[in-house]
Amino acid sequence: MSDATTDPETTRASEDNRSRNTLNTDMMQWLSALVALIGLYLVASPFIFEATETAIWNDTLVGTAIFALAGYNFVRLSRDRLASVGIASLTSLLGLWALISPYVIEMGSNELATGTAISGLLVALLSAYNAYANNKADAPERTGARA
C-alpha cells in the first residue's frame, strides 16, 4: 500500500487555494497612481495650452475628481485592501466624459482637445480594468484581527 493520502477535503482545499483569484495589489497600486497622474495632467493642461473658460473649468474639475478618486484607491491598495469598485467605476465614467468633452464643448486649441481626449481614453481603460480586477479578486488575507 502507498502512504499517499487521498483525503477529499485536503484535495478540495488545495484546489480552492490554486483557483483563488488573488490580486497583485502592488501592480494595481501603480495603476491607480498612473490614473491619478493623468488627472493632474488634465488639471494642468488648460494652463499649458490655449483654452476657453469652459475648457479650463471642465478639465480642472474633471482632473481634480480623477486625481482624488484614483488617489483614494491608491491609499486603499497601499493598506493591503482591495480598491473600491464603485470609485474605480466612477473614475472610468469621468474618463469617458473627458474623452467626449472635446466634441461637446469648445476647447480653444487642437492640442488641448487631443490631450484631453487621449487622457480620458487612458483613464477610462485603466480605471475600468481596475474595477474589473478588483471585483473579481478575493480579499487579501489578513494576519491579525482589527479591534
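Please read all numbers here as calculations on a predicted model, not as lab measurements.

Considerations on the environment of D80
Line of reasoning, step 1. Here D80 is to be found in the loop between α3 (53–78) and α4 (85–104).
Line of reasoning, step 2. Judged by its relative accessible area of 46%, D80 is partly exposed.
Line of reasoning, step 3. Spatially, the C-alpha atoms of D80 and D26 are 9.0 Å apart, while their sequence positions differ by 54 residues.

Observations regarding a nonpolar patch on the surface
Line of reasoning, step 1. On the surface, W97, I100, Y103 and V104 cluster together into a nonpolar patch covering about 440 Å² of accessible area.
Line of reasoning, step 2. Tracing the chain through its elements places Y103 in helix α4.
Line of reasoning, step 3. Judged by relative accessible area, which is 70%, Y103 ranks as exposed.

Concerning the nonpolar core
Line of reasoning, step 1. M28, V35, V62, I66, L94, V123 and L126 are the most contacted members of the largest nonpolar core, which totals 17 residues.
Line of reasoning, step 2. For this core, the elements supplying multiple residues, two or more each, are α2 (25–48), α3, α4 and α5 (110–136).
Line of reasoning, step 3. Here this core gets six residues from one element, more than from any other, and that element is α2.
Line of reasoning, step 4. Contact partners of L126, with chain neighbours within four places excluded, come to L31, L34, V35 and I38.

The rules behind each value
For every chain, the first residue of the written sequence is number 1, and numbering continues from 1 onward in sequence order. Where totals are concerned, whole chains, interfaces and linings use all residues; where local detail is concerned, this predicted model gives features only for residues with pLDDT of at least 70, and gives and counts side-chain atom pairs only at 80 or more. Only hydrogens and water are set aside; all other atoms, that is, all heavy atoms of the structure, feed into the side-chain values. Numbering goes from the N terminus for both helices and strands, where a helix is a DSSP run of H or I of at least four residues and a strand is a run of E of at least two. Buried, partly exposed and exposed residues are distinguished by accessible area as a fraction of the type maximum, computed with a 1.4 Å probe on protein chains only: under 20%, between the cut-offs, and over 50%, respectively. Here the term patch refers to residues with relative accessible area over 30% and no salt bridge, with like charges joined within 9 Å and nonpolar side chains (Val, Leu, Ile, Met, Phe, Trp, Tyr) within 5 Å. Each accessible area is a Shrake-Rupley estimate made with a 1.4 Å probe; only the visible protein chains count as cover when residues are assessed. The term salt bridge refers to a pairing of a side-chain nitrogen on Lys or Arg with a carboxyl oxygen on Asp or Glu at a separation within 4 Å. To form a nonpolar core, buried Ala, Val, Leu, Ile, Met, Phe, Trp, Tyr and Cys residues must be joined to one another through side-chain atoms within 4.5 Å. Pairs of residues are marked as contacts when any of their non-hydrogen atoms sit within 4.5 Å.

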